[in-house]
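Each chain is listed here by its residues.
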Amino acid sequence: MPDRSSSKLLRALLPLLAATGCDGCPSSKPYTPYTLGSATPSGSPPPLSGVAPGAADAGLEAGAPDAAAPPGFAVVPSVPAPAGGKQWPLEGGAVVAAPTGRTFETGLLLDADGDGARDLVVWARSPDGLRGELLLAPAARPQALRTLTALPGDLAAQGCTPRVALSQIGPSALVFDFAPQCGADRRAASAGATRWLAVIRLPGAAAGAGAPPELALELRLRTPPPEEALSAALEVADRDADGRDDLLVTLGLSGALRPFHAPAGAASELRAPLIFLDRPAGLSRDAAQPGETLRALAASLLRDARGKATAPAVAAAAQRLRRLNAVLCADAAGGGALAGRDAARAGEALVWTGAGPVRCGEPGLAAAIDNAEAVAASTRGAPLAAIAALDHGAEPRTKDADKLLAKLAPPAAATAVYRTAAAPQPAGPGAFGPLAFEASGALLVRTAQGVVRVDPATSAESATDIPPWPAAIHAGPAQLVAVERRCDAPTLLALFRSSPDAVGEMEVPLPLLRSQGPRARAASPERCAGTERLPFSPLAASEGGFDIAVGAALVSIDLRAAAPASSALSFPLTTPAPQGAARSPDGATLAVPAAGGLLVATAAGPARLWSGGDLAQATACAPANGGARVACVVGAAAVIFEAK
């Protein structure tokens, strides 16, 4: 079992972790961390060593070491191989020859086996650079090459150029970094590219002279979407005071997926740690991390949610924390599918160790983040946004969340007051429905033969000469087709055709992560249902785009720009309400399925959550002005409901 003494130390610094990630984690030896990123800035490639300029004397961003602490260990980068890479001279005149079919690229001269002589640790690569081995050439027997580790065969990123680095990051630790560099024009290759880190442990004095180094840990960091960057800082320190250097890996996520906005300044990167404790049998991951840090970040969100000055920033921060959780933790709610090794995985988790994906063991984290976002929305007077946050469905709601939901949308018992003889014309999912109220309170039913009016006073049904409204949702020539959840996309997607005769569909990322929106609760968060089309309610359509509701989340899709975009909508909406939309004739009331019932919200009054009667089987609901009545399709009839 992992030693949890480092976790006890971390608990004392959780407030700091909530603000900065893990750069403030305790360290008995202030070794300079080895830092890497997921992308190379255009025109400014990092040095081959992988150490950022100035890193050797930069220190930590938080938790500066005590002045009385022992001197730090500066990262020692490798050097390029001599010209040609076929031979490498050692001290004393010996020469190491590269194996057949391999070329030396970069290496370190150091006493790697504790015999007092400087050995060569070197990366030997194939001509294409996509295969290779990290080799040890002992000073005592230069030609007795020993393979410390080899690049796994499933990590070769075709079409990308590898950049490698080898560094000594502590007295007893080396790290080899294989990083595929994929240009913007190689997005397909980049999407499957995986950065591979191998930590080599040097033998201590107790192992005796001549003991070889050994592979201690493998880390795999898959390339995130182009809008995000994944970084890692590796640091060695004796974290549990047992005389052995442990390994801290601080992972950072920066940027933001489309259509979210990336934060600026000090909050631009969100961090969480992985801690590996050095034991005689090898490195053992402390299972308490990164879960403790993620919980601390969620608790910080809840504190901010209760303050009027800080609540407006919580929604964006909640999305970033959900994303960090999904990137780091394979068992995150809605986190994705696991299918064999890293290269075959279709999920969102981007971090793997040699023992497999990281499981954080935080089943209530998603619900805690949802609750914090809902409290913040309630604090700033946005009840519909609060209800949407509580209706994500990735995890069951907590008791506190249920109380908040009941306060935001008190339950109401619905009763069917009339069932029409006229049969509504069937409409597919996401289409404008066959029901619409008039301002007078009369219900219009679009049938296969025409439009029938239901009198509000007598319930008499009569044919009209009103033209049937279209079912398809059009914005100019564009047609909204579906909303999808896909295993290979981190956000929900809206699909549309640019014209009726267009071949194929275009997609727009929505401001909802894949774990959000309506969903059937999965037996395991590590499985993904492939491609899933989600129910949504059309609210408006114009030349410029569409307004829709995905559960209680209101979204606007703007098609006017060259690159279509989406954004969250505030209630009440200002756009006109077309016939067949899930809105009243005056546009001030909407009725959408959410939180296990039918959410009826009116701008002039509180929202209510209707349930009962036949509402569980109802589709294509439309409210009357004021929200006193709602009509829905139930089976082959239209049913008018009222609620108490």
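For the structure, check the block above.
For the structure given in this document, a descriptive report is provided here. (Residues numbered from 1 in each chain as written. Predicted model: local features only at pLDDT ≥ 70, side-chain atom pairs only at ≥ 80, totals over all residues. Heavy atoms only, no water.)

**Considerations on the pairing of strand E31 (residues 545-550)**
Burial runs high along E31: six of the six residues are buried. Where strand E30 (residues 537-542) meets E31, five bridges bridge the pair, whose relative direction is antiparallel. The residue of E31 that forms the bridge with serine 537 is alanine 549. Counted between consecutive antiparallel strands, the loop separating E30 from E31 contains two residues. With six bridges connecting them, E31 and strand E32 (residues 553-558) associate as antiparallel partners. By the bridge assignment, isoleucine 548 is partnered in E32 with valine 555. (Buried < 20%, exposed > 50% of the residue type's maximum accessible area, 1.4 Å probe, protein only. Helix = DSSP H or I, 4+ residues; strand = E, 2+ residues; numbered from the N terminus. Pairing = 2+ DSSP bridges.)

**Some details on helix H5 (residues 314-328)**
For H5, with 15 residues, the first-to-last C-alpha span of 21 Å sits near the 21 Å given by 1.5 Å per residue. Turning to H5, its buried residues are Val314, Ala318, Gln319, Arg320, Leu321, Arg322, Arg323, Leu324, Asn325, Ala326, Val327 and Leu328. (Expected span 1.5 Å × (residues − 1).)

**Observations regarding the sheet that holds strand E23 (residues 451-454)**
The strand order E21-E22-E23-E24 describes an open sheet built from four strands, whose pairing is antiparallel. Each of the sheet's edge strands pairs with one partner strand only, and the pair in question is strand E21 (435-437) and strand E24 (461-463). Between one strand and the next, the sheet's axes are offset by a mean angle of 25°, whatever the strand orientation. Where strand E22 (residues 443-446) and E23 come together, four bridges link them in antiparallel fashion. From the neighbouring strand, leucine 444 faces E23, where its bridge partner is arginine 453. (Axes fitted to C-alpha atoms, helices over the stretch in contact; angles between N-to-C directions.)

**Points about unusual backbone geometry**
Residue proline 259 follows arginine 258 across a cis peptide bond; omega there is 5°. Secondary-structure assignment places proline 259 in the loop between strand E15 (246-255) and strand E16 (269-279). Of note, the bond from phenylalanine 571 into proline 572 is cis; its omega dihedral lies within 30 degrees of zero at 5°. Within the secondary structure, proline 572 sits in the loop between strand E33 (565-568) and strand E34 (589-594). Although it is not a glycine, alanine 241 sits at a positive phi angle of roughly 55°. Considering the arrangement of structural elements, one finds alanine 241 in the loop between strand E14 (228-237) and E15. The exposed category is assigned to alanine 241, whose relative accessible area is 69%. For serine 459, which is not a glycine, the phi torsion comes out positive at approximately 65°.

**A few points about the sheet that holds E34**
In spatial order, the strands read E34-E35-E36-E20-E39-E38-E37; together these seven strands make up an open sheet with mixed pairing. Unpaired on one side and paired on the other, E34 and strand E37 (619-623) mark the two borders of the sheet. Each strand axis lies, on average, 35° off the axis of its neighbour in the sheet, ignoring direction. For strand E20 (residues 411-419) and strand E39 (residues 637-643), the ladder comprises five bridges, and the chain directions are antiparallel. When the sheet's bridge partners are listed, threonine 415 is paired in E39 with glutamate 642.

**Quick look at the packing of aromatic side chains**
When we look at a pair of aromatic rings, we describe it by the centre distance and by the angle of the planes. Taken as a whole, this structure holds four aromatic pairs when the rule is applied. One aromatic cluster is present, built from ring pairs that chain together Trp123, Phe176, Phe178 and Trp196. (Phe/Tyr/Trp six-rings, centres within 6.5 Å; stacked < 30°, edge-to-face > 60°.)

**Focus: the nonpolar core**
Grouped together as the largest cluster of nonpolar side chains are 93 residues, with contacts concentrated most on Ile557 and Leu599. Sort the elements by how many residues they give to this core and helix H6 (residues 365-379) lands first, with seven residues. Sequence-distant contacts of isoleucine 557, that is, excluding residues within four places in its chain, are made with Leu480, Ala494, Val508, Leu510, Gly544, Gly545, Phe546, Ile548, Ala565 and Ser566. Grouped together as the second largest cluster of nonpolar side chains are 19 residues, Leu110, Trp123, Leu174 and Ile200 included. (Core = buried A, V, L, I, M, F, W, Y, C linked by side-chain atoms within 4.5 Å. Contact = heavy atoms within 4.5 Å.)

**A closer look at the environment of tryptophan 88**
Relative to the helices and strands, tryptophan 88 resides in strand E4 (residues 87-89). Taking the relative accessible area as the measure of exposure, tryptophan 88 reaches 5% and is therefore buried. Sequence separation between tryptophan 88 and glycine 107 is 19 residues; the distance between their C-alpha atoms is 9.2 Å.

**Structural notes on the pattern of salt bridges**
With the rule as written, the count across this model stands at 28 salt bridges. Where aspartate 128 meets arginine 131, a salt bridge forms, and the shortest distance between an N and an O atom there is 3.8 Å. Accessibility expressed as a relative area gives 47% for arginine 131, which makes it partly exposed. Aspartate 278 is the salt-bridge partner of arginine 201, the closest N and O atoms lying 2.3 Å from each other. Here aspartate 278 lies in strand E16 and arginine 201 lies in strand E12 (residues 194-201), a separation of 77 residues in the sequence. The residues arginine 201 and aspartate 278 share a single accessibility class, namely buried. Among the charged side chains, a network of salt bridges with common partners joins Glu484, Arg486, Asp488, Arg497, Glu505, Glu507 and Arg533. (Salt bridge = Lys/Arg side-chain N within 4 Å of Asp/Glu carboxyl O.)

**Looking at the side chain of glutamine 168**
On the secondary structure map, glutamine 168 appears in strand E10 (residues 161-170). Using a relative accessible area of 12% as the deciding quantity, one classes glutamine 168 as buried. At a separation of 3.1 Å, a polar atom in the side chain of glutamine 168 contacts the main-chain carbonyl oxygen of glycine 170. For glutamine 168, the contacting residues outside a window of four places in its chain are Phe73, Ala74, Val75, Val76, Leu108, Leu110, Ala173, Leu174 and Leu202. (Polar contact = N/O pair within 3.5 Å; in protein donor to acceptor, adjacent residues only side chain to side chain.)

**Remarks on helix H7 (residues 383-390)**
Counting buried positions over the eight residues of H7 gives six, a clear majority of the element. Among the residues of H7, Leu384, Ala386, Ile387, Ala388, Ala389 and Leu390 are the ones counted as buried. Along its buried surface, H7 packs onto H6, helix H8 (399-408), E32, E34 and strand E35 (597-602).

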